[in-house]
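The primary structure of each chain is shown beneath.
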Amino acid sequence: MYLECHGNGSPTVVLVPGLVAAADTWRYVRGSAGAMKASSSAVYPGVGRFTRVCSYDRPGTAREGGRFTPSTSVPQPTTPRGDVADLHTLLSTAKVPGPYVLVGWSAGGPIVRIYAGEYPHDVSGLVLVDAETEFLQSRLTPGQFATFLALERKDDKKRIARWKDVERQDPVTVFRQVRAAPPVPKVPVVVLTGDEFDPRAFRARLPAGAPADYPQVFWRAQLASQGDLARRFPGARHVTKTRSDHNIQNNQPQLVIDAVREVVEKARRQESGRPSAS
């Protein structure tokens, strides 16, 4: 598995990408014309200016531009618990010093939450960037959730046609494993939620026969589930005005950088024994 780190300081920030995304997603920003470009204002270089920062390629992921990463292929779908085991081994083998502030975008959210529960002494903070959450399932009826699963299978089919060994997940398994995981320790948490949604683009992804109002149904459930996620962590700061769709790290990188800096500074104060602001 590919790992890259730069910068100095503690705690080390570990950036965990979303489904199919590779380490370089944190190096890119979306320009005014909509094109993605590598930038010094992106999350990875920005965080590296005030502490050590690392990111990595999980198996089955693709870099910006569509080039498949060289991380060794594994049977798909994977699970967040398996991803946690891989990440723990990777950080240990590479001798990346803890403690860690874990930043999880999208499908990276369950990974960092389970990691924090299983290795509580190694984690000093979390930043959840429009993170996938089990509360989405409880905010949808069984029929609505079945439509969501069908959408995920349709997306998988398109990706498999492009990359045979592409990363996949089963949301039912993901949500079950998050619910069963040990609780996250009492650490600083910031939750960032996308607040922009394109119902037409979402409708184009839906399977045949999906209800006409499903984009609106899903969006209401998504926003409510993000509120549920933030309330899961007493004292967490929930940023709901992000002026971004799901890809906050690319559209509004400074929001992510500021959230990481906030958690890092709180973690440092706690480590030094001084009280942290709530």
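Sequence positions are assigned chain by chain, starting from 1 and proceeding in written order. Predicted model: local features are reported for residues with pLDDT of at least 70 only, side-chain atom pairs are reported and counted for 80 or more only, and whole-chain, interface and lining totals are derived from all residues. By convention in this description, side-chain values take in all heavy atoms of the structure and omit both hydrogens and water.

**Focus on the packing of helix 3 (residues 108–118) against helix 6 (residues 171–180)**
Where helix 3 contacts helix 6, the axes come no closer than 10 Å and their chain directions differ by 25 degrees. It follows from the interaxial angle that helix 3 and helix 6 lie roughly parallel. As for how helix 3 packs across helix 6, the hand of that crossing is left-handed. Here helix 3 contributes Pro 110, Arg 113 and Ile 114 to the contact with helix 6, which in turn contributes Val 174, Gln 177 and Val 178. Classification used: nonpolar for Ala, Val, Leu, Ile, Met, Phe, Trp, Tyr, Cys and Pro, charged for Asp, Glu, Lys and Arg, polar for all others including Gly. Its residues assigned to classes, the contact of helix 3 with helix 6 comprises four nonpolar, one polar and one charged. To get an axis, fit a line to the C-alpha atoms, keeping to the stretch in contact for a helix; angles then go from 0 to 180 degrees between the N-to-C directions. Elements are defined by DSSP. Helices are runs of H or I of four residues or more, strands are runs of E of two residues or more, and each kind is numbered from the N terminus. Geometric relationships in this document are graded by angle, where less than 35 degrees denotes roughly parallel, more than 145 denotes roughly antiparallel, 65 to 115 denotes roughly perpendicular, and other angles denote oblique. Throughout, a crossing is termed right-handed when the near helix is turned clockwise from the far one, and left-handed when it is turned anticlockwise from it by less than a right angle. The criterion used for residue contact is that any of the two residues' heavy atoms lie within 4.5 Å.

**Brief notes about the sheet that holds strand 9 (residues 237–239)**
Whether two strands pair depends on DSSP finding at least two bridges between them. One open sheet holds the seven strands; their spatial order is 1-5-2-6-7-8-9, and the pairing between them is mixed. The open sheet has two edge strands with one neighbour each: strand 1 (3–6) and strand 9. The mean inter-strand angle of the sheet, taken between neighbouring strand axes irrespective of direction, is 15 degrees. Those strands touched by helix 3 are strand 2 (12–16), strand 6 (100–105) and strand 7 (123–129), and its axis lies near 150 degrees from that of strand 6.

**Description of the pairing of strand 2**
The side chains of a regular strand alternate between both faces of the sheet. Extensive coverage of strand 2 is indicated by the burial of five of its five residues. Exposure categories follow from relative accessible area, calculated using a 1.4 Å probe and restricted to protein chains: below 20% of the type maximum is buried, above 50% is exposed, and the middle band is partly exposed. Here strand 2 shows two buried faces, one formed by Thr 12, Val 14 and Val 16 and the other by Val 13 and Leu 15. Of the pairings in the sheet, the one linking strand 2 to strand 6 comprises five bridges and is parallel in character. Along strand 6, the bridge assignment pairs Val 14 with Leu 102. In this sheet, strand 5 (residues 53–56) lies alongside strand 2 in parallel orientation, the contact comprising three bridges. If you follow Val 14 over to strand 5, its bridge partner there is Cys 54.

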